[in-house]
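# Observations on chain architecture
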Amino acid sequence: MFATFAVIIITAGRAGHSARKKIGSLARPMIFCERDNESMFKKKILAIAMAAVAALSMTTAFAAFNWTTPVVNRTGKATVEVIPYVKTSNGSGGFAWKTSDCAAAVSSENIYFAVKLTVAANPDTDWLANASVELEAAGLTSAWDNSAYDAIPLTSVDEDSSRQAVYYLTRESAAGNALAAVPWTKLSSSFTLADDVEQQDSLCIFTAPVQNSNKAKVCATLTSSFGTGSSAFTAGAVGEYYVTYGNNALSIYPDAATAAADSARFLVRYTINASTERVTSVTNQAGSTAPDDYDTIKAFFGIDVGTRVNQSLVNANFGWSDEVQSCFKWGSSTAIVTPDCDVSIPKTGDASVMAYAAIAAVSALGVMVKRK
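These notes cover the structure that comes with them. (Residues numbered from 1 in each chain as written. Predicted model: local features only at pLDDT ≥ 70, side-chain atom pairs only at ≥ 80, totals over all residues. Heavy atoms only, no water.)

This part takes up the nonpolar core. Leu250, Phe301 and Phe318 are the most contacted members of the largest nonpolar core, which has 59 residues in total. Ranked by residues supplied to this core, first place goes to strand β6 (residues 110-119) with 5 residues. Of all hydrophobic cores here, the second largest spans 10 residues; its members include Tyr85, Phe95, Val166 and Cys204. (Core = buried A, V, L, I, M, F, W, Y, C linked by side-chain atoms within 4.5 Å. Buried < 20%, exposed > 50% of the residue type's maximum accessible area, 1.4 Å probe, protein only. Helix = DSSP H or I, 4+ residues; strand = E, 2+ residues; numbered from the N terminus.)

The following block contains the structure:
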């Protein structure tokens with residue numbers, strides 16, 4: 001589009017990218033009379049503005065799901081972290097716990113750690129219901145090769161939290177590492193787990209005897225999957241709606257309670273031909289206002305007559321398979337460091353002073369040899 005001495009170029013990007021204007025000089029300007037020039041310039045500006053609005057409006061018109069090449073839609077609901085602890089003197093003859101990124105292992109002695117779970121605000125209830133944490137250890141005694149740690153459910157996690165929440169895996173009692181009946185304890189005003197933890201608050205800290213200090217390692221893996229592998233999506237929350245799939249139909253309800261009370265009270269139902277796997281008809285009982293109106297539902301799900309819908313596509317669009325892992329490996333050659341990572345012989349702890357002294361001597365010798 002041309003105006004006097006200038007050209008305006010509109011570049012339409014993909015969804016989420018705003019239109020950009022560039023103005024560049026013309027080598028040979030086109031000259032119009034005063035009146036025509038002004039009129040055409042105004043018309044072109046109006047056309048450009050309307051085109052820009054249309055381009056930007058398209059970014060919100062795309063469906064949340066893709067029925068050709070689906071993508072995972074549920075991720076990042078929670079994270080897990082293995083946090084190493086060491087014993088330190090509390091100044092009154094006892095000990096306290098302190099986190100230490102340079103915690104080290106000594107064979108036949110103990111290492112200590114906590115498992116921290118951070119859950120995002122307003123978590124997806126289906127995601128949480130299908131999530132679990134697995135603990136795996138290496139270089140520790142056989143007591144940690146225990147099926148009790150294979151799939152720890154998130155049963156005690158608050159599904160209605162409007163804020164991010166932090167939980168710690170909790171032991172049943174001060175003796176042993178058996179998990180509590182309610183395995184996750186939420187940080188609150190009545191329960192805190194700061195960097196320094198007093199001895200009486202140690203139910204969230206696990207003790208693990210070391211068998212091989214060179215391999216001492218603990219991993220926590222958080223997984224949540226649904227509608228993947230051998231399982232199939234048949235019903236579940238999708239966005240603001242509740243969806244059921246089966247018997248050659250995909251039905252959309254305002255919520256799970258409505259679907260359970262009366263299967264005929266759907267907002268929209270898509271009938272699917274079993275042979276062609278295509279939608280053949282749409283039954284619309286939607287309301288007149290968003291989000292329960294048909295236009296909003298159609299735009300969100302991206303389904304219409306002719307759309308291909310089958311179990312694998314439903315699984316891929318409405319299901320998920322998430323995994324996040326955290327590991328900590330204790331160092332055996334740095335066993336003489338303090339919680340602040342300073343080299344010294346500790347005053348308290350399970351490892352004997354002689355063991356630490358021996359390691360200190362060997363380390364010091366190594367330093368002397370290196371300096372020669």
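Following the structure, the description resumes.
Right, let's talk about the pairing of strand β14 (residues 235-238) for a bit. The side chains of a regular strand alternate, first on one face of the sheet and then on the other. Across the two faces of β14 the burial differs, with Gly236 and Val238 buried and Ala235 and Ala237 not buried at all. Where β14 and strand β15 (residues 241-246) come together, 4 bridges link them in antiparallel fashion. Residue pairing for β15: Ala237 is matched across the bridge by Tyr242. Connecting β14 to the antiparallel partner β15 that follows it, the hairpin turn spans 2 residues, and Gly239 within it adopts a positive phi of roughly 60°. (Pairing = 2+ DSSP bridges.)

The omega torsion across Ala290 and Pro291 is 5°, close enough to zero to call that bond cis. Even without being a glycine, Asn248 presents a positive backbone phi close to 60°. With respect to the helices, strands and loops of the structure, Asn248 is situated in the loop between β15 and β16 (249-253). Classification of Asn248 by relative accessible area gives partly exposed; the value is 42%. Phi angles above zero are rare outside glycine, and Glu277 is one such case at about 60°. Mapped onto the elements, Glu277 comes out in the loop between β17 (268-272) and β18 (279-284). Glu277 gets classed as partly exposed once you look at its relative accessible area, which sits at 24%.

It is worth spelling out the sheet that holds strand β13 (residues 217-226) at this point. Pairing in this open sheet of 4 strands is antiparallel, and the strands run β8-β7-β13-β19 from one edge to the other. On the outer flanks of this sheet lie β8 (152-153) and β19 (320-329), each paired with one strand and no other.

For the coordinates displayed, the defined rule picks out 2 salt bridges. Its salt-bridge partner being Glu277, residue Arg308 comes within 2.9 Å of it at the nearest N-O pair. Placement of Arg308 in the loop between α4 (294-301) and α5 (311-318) and of Glu277 in the loop between β17 and β18 is noted, with a sequence separation of 31 residues between them. Since its relative accessible area comes to 38%, Arg308 is described here as partly exposed. (Salt bridge = Lys/Arg side-chain N within 4 Å of Asp/Glu carboxyl O.)

Taken together, the 5 strands give an open sheet; going across it, the order is β14-β15-β16-β17-β18, and neighbouring strands pair in antiparallel fashion. Pairing within the sheet leaves two strands with one partner each, and these edge strands are β14 and β18. The sheet shows a mean angle of 20° between the axes of neighbouring strands, direction not considered. Direction of pairing for β17 relative to β18: antiparallel, over a ladder of 5 bridges. From the neighbouring strand, Ile272 faces β18, where its bridge partner is Val279. Where α5 meets the sheet, its contacts fall on β14, β15 and β16, and the angle it forms with β15 comes to roughly 160°. (Axes fitted to C-alpha atoms, helices over the stretch in contact; angles between N-to-C directions. Contact = heavy atoms within 4.5 Å.)

In terms of residue burial, β16 counts as a mostly covered element, since 5 of its 5 residues are buried. Across the two faces of β16 the burial is the same, with Ala249, Ser251 and Tyr253 and Leu250 and Ile252 all buried. Across 5 bridges, the pairing between β15 and β16 is antiparallel. Considered in β16, the bridge of Tyr245 is made with Leu250. What sits between the antiparallel neighbours β15 and β16 is a turn of 2 residues, in which Asn247 has the positive phi angle 55°.

This part covers the environment of Thr125. Summarising the element assignment, Thr125 is placed in helix α2 (residues 125-129). Classification of Thr125 by relative accessible area gives partly exposed; the value is 33%. Sequence spacing of Thr125 and Ala237 is 112 residues, and the spatial spacing of their C-alpha atoms is 8.4 Å.

Counting along an α-helix, one turn takes 3.6 residues, and residues three or four places apart therefore face a common direction. All of the buried residues in α5 are Leu313, Val314, Asn315, Asn317 and Phe318. Lining the buried residues of α5 we find β14, β15, β16, α4 and β19.

The subject of this paragraph is the packing of aromatic side chains. Inspection of every chain in the model, using the stated rule, returns 13 aromatic pairs. Pairing Phe300 with Phe301 gives two aromatic rings, centres 4.9 Å apart and planes at 90°, and the pair type is edge-to-face. (Phe/Tyr/Trp six-rings, centres within 6.5 Å; stacked < 30°, edge-to-face > 60°.)

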